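This is what each chain is made of:
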Amino acid sequence: MKKITTIEAENLSITRAKKVVVKNLSFAVKQGEVFGLLGGNGAGKSTTLLAFLGFLTSTEGAARINGVEADVDPAATRRAIAYLPESANLYPHLSARENINYFLSLAKVKSSADDIEMALNQVSLAEEARDQRLSSYSKGMRQKVAIAVAILRQAPILFLDEPTSGLDPVAIDEFNRLITKLAKSGTTVLMVTHDVYGACQVADRIGLLRRGELVGMFEATNDARISVDEVHQAFASGA
Amino acid sequence: MKTAITIAAQEWRYWSRTKLASAVALLAFILICTSVFATFSQVAKEKDTRETLQIKAEETFRDQPARHPHRMVHYGHYVFRTPTSLAALDPGVDPFTGTVMFLEGHRQNSATFSPSYDGAQAGPFSRLTPALTYQLLLPLVLIVMGFGVVAREREAATDRQLVTSGISPISIWLGKTLALGSVAFLLLLPMLAGVALSESNWSIGLGFFALYFFYVLVWVLIITAVSTWSQRTSVSLLILLSIWLILCVLLPRLVAGAAATAIPDTSQIETDMDVIMALRSVGDGHNSRDPAFDRLKANLLQEYGVKRVEDLPINFRGAVAQAAEADLTAILNEYADKRIAGQRVQTQLVKSYEFVSPFIALQSASMVAAGTDARTHHRFLREAEAVRFQFVQDLNKVHEHKMAYVDDINRNRDTDAARRTRVDSENWRVLRDFRFNADPADTRLERLFSSYAVILIWLMVFAIAGLLGARRLPEVNHG
Ligand SMILES: Nc1ncnc2c1ncn2[C@@H]1O[C@H](COP(=O)(O)OP(=O)(O)O)[C@@H](O)[C@H]1O
Ligand SMILES: [Mg+2]
């Protein structure tokens with residue numbers, strides 16, 4: 001099956017506060033693929049995501065979604081992306097259901113109460129928590145609500161920024177399974193993380209980012225996941 | 001637009017779930033209602049009292065028994081400035097200028113307060129008028145409720161989430177403005193009720209309310225603009241409080257100070273001394289032998305072809321009283337006009353600063369709309385003076401024509417002469433009714449045009465500022 005490119009960085013360079021933080025970055029992600037962008041703190045991972053969302057403009061090159069440059073038509077690229085920032089940006093004064101309803105109504109997505117329950121089941125948010133305000137939630141619970149929003153929005157592309165940091169191991173396992181399932185159903189996933197183990201578990205391919213530059217690329221094969229040791233060695237060697 | 005309404009509704013939910021916001025809104029509403037109700041009932045009572053007292057004063061004057069007309073000149077009369085309907089919401093200069101005037105011969109008294117007026121009795125609300133509550137306090141309430149409308153989203157990076165949901169930053173700004181605007185409108189309802197209850201002329205009532213509506217809208221736009229530009233809620237609050245302090249407290253003070261020094265209000269004693277000096281040139285109207293009236297005497301003797309004042313067909317003393325009153329009034333009017341002109345320059349000067357602060361613009365315009373501005377008070381002073389001069393001179397004419405000179409000069413020695421100089425109480429009808437009315441609605445509305453223009457310019461400036469802020473809403477870095 002021939003897969004179409006949905007996410008593409010071409011010689012992308014970004015300057016923040018007069019410092020070049022992403023340098024000549026090129027990679028492409030095909031539909032249904034899970035791509036992990038791995039790197040240490042300050043490597044430029046979040047910056048790269050913001051460029052695709054049109055929140056930061058590129059100084060050189062281009063960040064494209066479905067062939068559309070984010071700098072040119074940010075509204076179009078945003079429409080295609082469900083974005084989970086480092087800390088789930090939801091409203092603490094609203095319950096899970098209220099948050100979901102609000103964001104869906106803004107995105108003009110029609111979802112029945114059943115759909116919402118199903119999504120919340122899918123992310124396995126505890127039943128009794130669903131009508132409580134998010135101010136009483138743990139980070140993992142908030143993350144689940146954010147993913148539920150992303151699922152319900154049915155956006156073809158999912159951006160995840162350090163999605164598993166702060167989650168307990170059980171939650172991480174659940175989360176990874178969910179991502180794999182979404183990718184199987186056709187969602188393209190771009191995940192940025194500094195967690196080597198987590199990345200190797202879900203990603204079809206991993207790009208290693210160091211000081212804004214892509215310094216390595218790893219790919220899973222049909223019968224083997226990406227080797228944690230191999231990636232770890234590459235990651236550690238540059239530190 | 002639908003998106004904006006969804007965002008506005010969401011903001012309402014936030015307020016309803018935040019104790020501080022709900023408490024502030026509720027307190028503000030109670031305070032506003034109290035202020036409207038207190039001032040409304042106080043002014044309504046005052047209006048009743050003054051109308052009654054005015055009629056009573058006229059009846060008392062006309063019911064005086066037969067006596068020498070000059071005694072009526074000194075008996076005097078009261079005129080009252082009855083408040084306009086909208087004074088119930090903006091008493092304007094009323095509490096400072098006085099609203100009653102005692103009219104008598106040979107003097108121009110200043111306006112004082114009616115005997116029933118007791119500022120202390122009305123409590124603190126006699127100063128916290130609805131006008132001031134809306135001009136000064138409402139912006140503060142809106143700041144407390146609205147400083148975070150957009151800054152809060154930006155601080156929590158939920159603005160990115162909103163934008164990635166596919167809505168435009170302009171919708172966010174519009175929704176937030178709609179939310180704060182609807183709160184402002186709710187808080188304006190007590191004033192709308194006050195206008196509807198007090199003012200029967202809908203055009204001026206609407207014109208008055210529109211001033212406040214636009215003013216409050218200016219604040220809504222200031223708040224959303226600053227909140228949109230601010231990276232943090234704390235910064236937004238700080239900036240907004242500073243703006244409030246500058247626009248509503250500092251600038252009005254400075255401008256008032258500038259007005260005071262531009263036209264130094266010469267002290268009362270100084271003016272009084274000047275007037276006394278000037279009046280020396282006028283003869284004493286009670287003394288017909290004052291050499292100041294020699295000329296009048298000569299003219300009259302010649303006119304009637306007689307040799308002695310006793311032979312004149314008129315009472316010379318009455319003629320003297322008239323001439324003296326006319327001369328004296330001319331001088332007093334000159335000083336009164338000077339004083340009024342000075343005050344007028346001051347209010348004009350303050351008004352000319354309306355473009356530096358919407359507060360100054362509204363404060364001046366509100367008094368014009370309510371008919372409680374200094375200019376209206378000045379007209380009251382002039383009309384009251386006209387009544388005074390007319391009844392005094394008419395009494396002096398009675399003095400001139402309805403008794404003999406000989407009787408008049410002998411009335412203290414001869415009881416028969418005294419009886420003959422007493423004129424019938426019918427003559428007290430010379431007193432005209434006095435009913436003071438503020439300028440008609442059309443005139444007031446015409447004078448409001450420039451203020452509307454200024455406030456609308458403020459509206460546009462901050463709408464544009466908000467829109468520009470919204471445009472860079474998602475591009476801002478969150479670190
Ligand atoms: N708001 C900002 N303003 C200026 N520089 C920033 C900002 N945020 C991040 N940076 C800089 O950009 C670089 C990359 O940051 P980021 O993309 O957040 O790294 P990562 O997500 O990989 O940890 C860092 O050097 C950081 O200092
Ligand atoms: Mg990051």
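Every value quoted in this text rests on a predicted model; they were computed, and no experiment measured them.

Student: Quick question: what am I supposed to make of the overall build of chain A here?
Tutor: Counting its regular elements, chain A contains eight helices and ten strands. For a compact globule of 239 residues, the expected C-alpha radius of gyration is about 18 Å, and chain A comes in at 18 Å, within 12% of that figure. A separation of at least 24 residues holds for 68% of the contacts in chain A among residues at least 6 apart in sequence. Entry remark: accessible area of chain A is about 10900 Å², with carbon and sulfur atoms responsible for 49%. Distance between charge centroids for chain A: 4 Å, based on 27 positive and 27 negative side chains.

Student: I tried to follow helix 3 (residues 96-106) of chain A on my own but got confused; where do I start?
Tutor: One turn of the α-helix equals 3.6 residues, which is why residues spaced by three or four share an orientation. The buried fraction of helix 3 of chain A amounts to eight of the eleven residues, a majority that puts the element mostly inside the structure. In this structure, the buried residues of helix 3 of chain A make contact with helix 4 (113-122) and helix 5 (139-153) of chain A together with helix 1 (2-17) and helix 7 (158-164) of chain B.

Student: Explanation requested: the packing of helix 13 (residues 316-352) of chain B against helix 15 (residues 374-401) of chain B in the structure shown.
Tutor: Residues and elements named next belong to chain B. At a closest axis distance of 10 Å, the pairing of helix 13 and helix 15 adopts a crossing angle of 175°. On the basis of their axis angle, the class for helix 13 and helix 15 is roughly antiparallel. Its residues placed into classes, the contact of helix 13 with helix 15 shows eight nonpolar, ten polar and ten charged.

Student: Is there a simple way to think about the domain arrangement of chain A in this case?
Tutor: All names here are of chain A. You can read the domains of chain A as domain 1 (1-80 + 156-168 + 176-239) and domain 2 (88-155). Computed from C-alpha coordinates alone, the two centres of domain 1 and domain 2 are separated by 25 Å. Opposite the 15 residues of domain 1 that make contact, domain 2 presents eleven residues. Together, the buried faces of domain 1 and domain 2 total about 870 Å²; carbon and sulfur atoms form 61% of this surface. Summed over the three residues of domain 1 that lose the most area to domain 2, namely Leu167, Leu178 and Leu182, the buried surface amounts to 40% of that side.

Student: In this structure, what is going on with the packing of helix 8 (residues 169-198) of chain B against helix 18 (residues 441-471) of chain B? I would like to understand it.
Tutor: A pair of packed helices can be characterised by two numbers: the angle between their axes and the separation between those axes. Residues and elements named next belong to chain B. Where helix 8 contacts helix 18, the two axes come as close as 8 Å, and the packing angle between them is 135°. Relative to helix 18, the element helix 8 lies oblique. By crossing handedness, the relation of helix 8 to helix 18 is classed as right-handed. Between helix 8 and helix 18, the contacting residues are Pro169, Ile170 and Trp173 on the first element and Ala463, Gly466, Leu467, Ala470 and Arg471 on the second. The residue inventory of the contact of helix 8 with helix 18, partitioned by class, reads six nonpolar, one polar and one charged.

Student: Teacher, can you tell me more about the site of ligand 1 here?
Tutor: As a structural note, the neighbourhood of ligand 1 is formed by 14 residues, with A:Gly42, A:Gly44, A:Lys45, A:Ser46 and A:Thr47 the closest of them. Chain contributions to the surroundings of ligand 1 come from chains A and B. Between A:Ser46 and ligand 1, the recorded distance is 2.7 Å, taken from a side-chain N or O atom to an oxygen atom. Taking A:Thr47, its side chain carries an N or O atom lying 2.4 Å from an oxygen atom of ligand 1.

Student: Quick question: what am I supposed to make of a nonpolar patch on the surface here?
Tutor: A contiguous nonpolar patch, built from B:Trp229, B:Ile457, B:Met460, B:Val461, B:Ile464 and B:Leu468 and spanning about 580 Å² of accessible area, is present on the exposed surface. Here B:Val461 is to be found in helix 18.

Student: Sorry, what's going on with the pattern of salt bridges here?
Tutor: As a working rule, side chains carrying opposite charge can pair if their charged atoms are close by. Summed over all chains, the structure comprises 35 salt bridges over all chains. The partner of B:Glu58 in a salt bridge is B:Arg435, and the shortest N-O contact between them spans 3.1 Å. Of this pair, B:Glu58 sits in helix 2 (residues 19-62) while B:Arg435 sits in the loop between helix 17 (415-421) and helix 18, and the two are 377 residues apart along the sequence. A residue is classified by how much of its surface remains accessible, and B:Glu58, at 2% relative accessible area, is buried. A salt bridge links B:Asp407 to B:Arg420, with the shortest nitrogen-to-oxygen separation between them at 2.8 Å. One end of the pair, B:Asp407, is in helix 16 (residues 405-410); the other, B:Arg420, is in helix 17, with 13 residues separating them in the sequence. Beyond isolated ion pairs, a larger network of salt bridges with shared partners links A:Arg97, A:Glu117, A:Glu127, A:Arg130 and A:Asp131.

Student: What's the story with the pairing of strand 7 (residues 157-161) of chain A in this structure? I'm lost.
Tutor: It is a general feature of regular strands that their side chains alternate between the two faces of the sheet. Residue and element names in this part refer to chain A. By the criterion of burial, strand 7 is predominantly enclosed, with five of the five residues buried. Neither face of strand 7 is left uncovered, since the one carrying Ile157, Phe159 and Asp161 and the one carrying Leu158 and Leu160 both have all their residues buried. Relative to strand 7, strand 6 (residues 81-84) runs parallel, the two sharing four bridges. Counterpart to Tyr83 in the pairing with strand 7 is Phe159. Note: strand 7 against strand 8 (residues 188-193), five bridges, orientation parallel.

Student: Sorry, what's going on with the sheet that holds strand 3 (residues 34-39) of chain A here?
Tutor: Two modes of strand pairing occur in sheets, parallel and antiparallel, and in both the strands are linked by backbone hydrogen bonds. Residue and element names in this part refer to chain A. Pairing within the open sheet is mixed, and its six strands lie in the order 6-7-8-3-9-10. Where the open sheet ends on each side, the last strands, each with one partner, are strand 6 and strand 10 (213-219). Taking the axes of each pair of neighbouring strands and ignoring which way they run, one obtains an average angle of 15° across the sheet. Bridge analysis of strand 3 against strand 8 gives five bridges, and the strand direction is parallel.

Student: Would you explain the packing of aromatic side chains in this entry?
Tutor: Within a pair of aromatic rings, the relevant descriptors are the distance that separates the centres and the angle that separates the planes. Summed over all chains, the structure comprises 19 aromatic pairs over all chains. Ring geometry for A:Tyr91 versus A:Tyr102: centroids 5.7 Å apart, planes at 65°, classification edge-to-face. With A:Tyr91 in the loop between strand 6 and helix 3 and A:Tyr102 in helix 3, this pair connects stretches of sequence that are eleven residues apart. Accessibility expressed as a relative area gives 4% for A:Tyr102, which makes it buried. With centroids separated by 6.4 Å and ring planes inclined at 35°, the aromatic side chains of B:Phe209 and B:Phe213 adopt a geometry described as tilted. Taken as a pair, B:Phe209 and B:Phe213 lie in helix 9 (residues 202-229) at a separation of four residues, close to a single helical turn. Here the aromatic residues A:Phe27, A:Phe35, A:Phe52 and A:Phe159 are joined through ring pairs into a cluster of three or more. A cation sits over an aromatic face here: B:Arg67 above B:Tyr75, 5.6 Å from the ring centre. Positioned above the aromatic ring of B:Tyr14, the side-chain terminus of B:Arg152 is 3.5 Å from the ring centre.

Student: Got a minute to help me understand the environment of A:Phe103 in this structure?
Tutor: Within the fold, A:Phe103 resides in helix 3. A:Phe103 sits 97 residues away from A:Cys200 along the chain, and the two C-alpha atoms are 31 Å apart. Those residues in contact with A:Phe103, other than ones at most four positions away along the chain, are A:Asn89, A:Leu90, A:Tyr91, A:Val149, B:Gln161, B:Leu162 and B:Ser165.

Student: Can you help me understand the pairing of strand 8 of chain A in this one?
Tutor: Residue and element names in this part refer to chain A. The element strand 8 is extensively covered by neighbouring structure, given that six of its six residues are classed as buried. Residue alternation in strand 8 divides its side chains into two sets, Thr188, Leu190 and Val192 and Val189, Met191 and Thr193, and both sets are buried. On the question of chirality, the crossover connecting strand 7 to the parallel strand 8 by way of helix 6 (residues 169-184) is right-handed.

Student: Any chance you could explain the interface of chain B and chain A here in plain terms?
Tutor: One frequent convention defines the size of an interface as the accessible area lost when the parts assemble. With 23 residues of chain B in contact, the opposing surface of chain A contributes 25 residues. Counting the surface lost from both chain B and chain A, the interface buries some 2300 Å², and carbon and sulfur atoms represent 53% of this. On the chain B side of the interface with chain A, the three residues burying the most area are B:Arg17, B:Gln161 and B:Thr164, jointly 28% of the side's total. In this assembly, chain B and chain A are joined by two salt bridges.

Student: What is the right way to read the side chain of B:Ser236 from this model?
Tutor: All names here are of chain B. Relative to the elements of secondary structure, Ser236 occurs in helix 10 (residues 233-262). Ser236 sits in the buried class, given a relative accessible area of 0%. Only 2.7 Å separates the side chain of Ser236 from the backbone oxygen of Phe147, close enough to count as a polar contact. Filtering out sequence-adjacent residues up to four positions away, Ser236 remains in contact with Phe147, Ala151, Val226, Ser227 and Ser230.

Here is what the cut-offs are and how they apply
- Residues numbered from 1 in each chain as written.
- Chains lettered and ligands numbered in written order.
- Predicted model: local features only at pLDDT ≥ 70, side-chain atom pairs only at ≥ 80, totals over all residues.
- Heavy atoms only, no water.
- Helix = DSSP H or I, 4+ residues; strand = E, 2+ residues; numbered from the N terminus.
- Rg over C-alpha atoms; globule rule 2.2 N^0.38 Å.
- Contact = heavy atoms within 4.5 Å.
- Areas by Shrake-Rupley, 256 points an atom, 1.4 Å probe, with all protein chains shown as cover.
- Lys, Arg positive; Asp, Glu negative; His and termini not counted.
- Charge placed at Lys NZ, Arg CZ, Asp CG, Glu CD.
- Buried < 20%, exposed > 50% of the residue type's maximum accessible area, 1.4 Å probe, protein only.
- Axes fitted to C-alpha atoms, helices over the stretch in contact; angles between N-to-C directions.
- Parallel < 35°, antiparallel > 145°, perpendicular 65-115°, else oblique.
- Nonpolar A, V, L, I, M, F, W, Y, C, P; charged D, E, K, R; others polar.
- Domains from an automatic or database assignment.
- Buried area = accessible area lost by both parts, 1.4 Å probe.
- Left-handed = near helix turned anticlockwise from the far one by under 90°.
- Near = heavy atom within 4 Å.
- Polar contact = N/O pair within 3.5 Å; in protein donor to acceptor, adjacent residues only side chain to side chain.
- Patch = residues over 30% accessible without salt bridge, like charges linked within 9 Å, V, L, I, M, F, W, Y side chains within 5 Å.
- Salt bridge = Lys/Arg side-chain N within 4 Å of Asp/Glu carboxyl O.
- Pairing = 2+ DSSP bridges.
- Phe/Tyr/Trp six-rings, centres within 6.5 Å; stacked < 30°, edge-to-face > 60°.
- Lys NZ or Arg CZ within 6 Å of the ring centre and 35° of its normal.
- Right-handed = clockwise from strand over helix to strand, strands pointing away.

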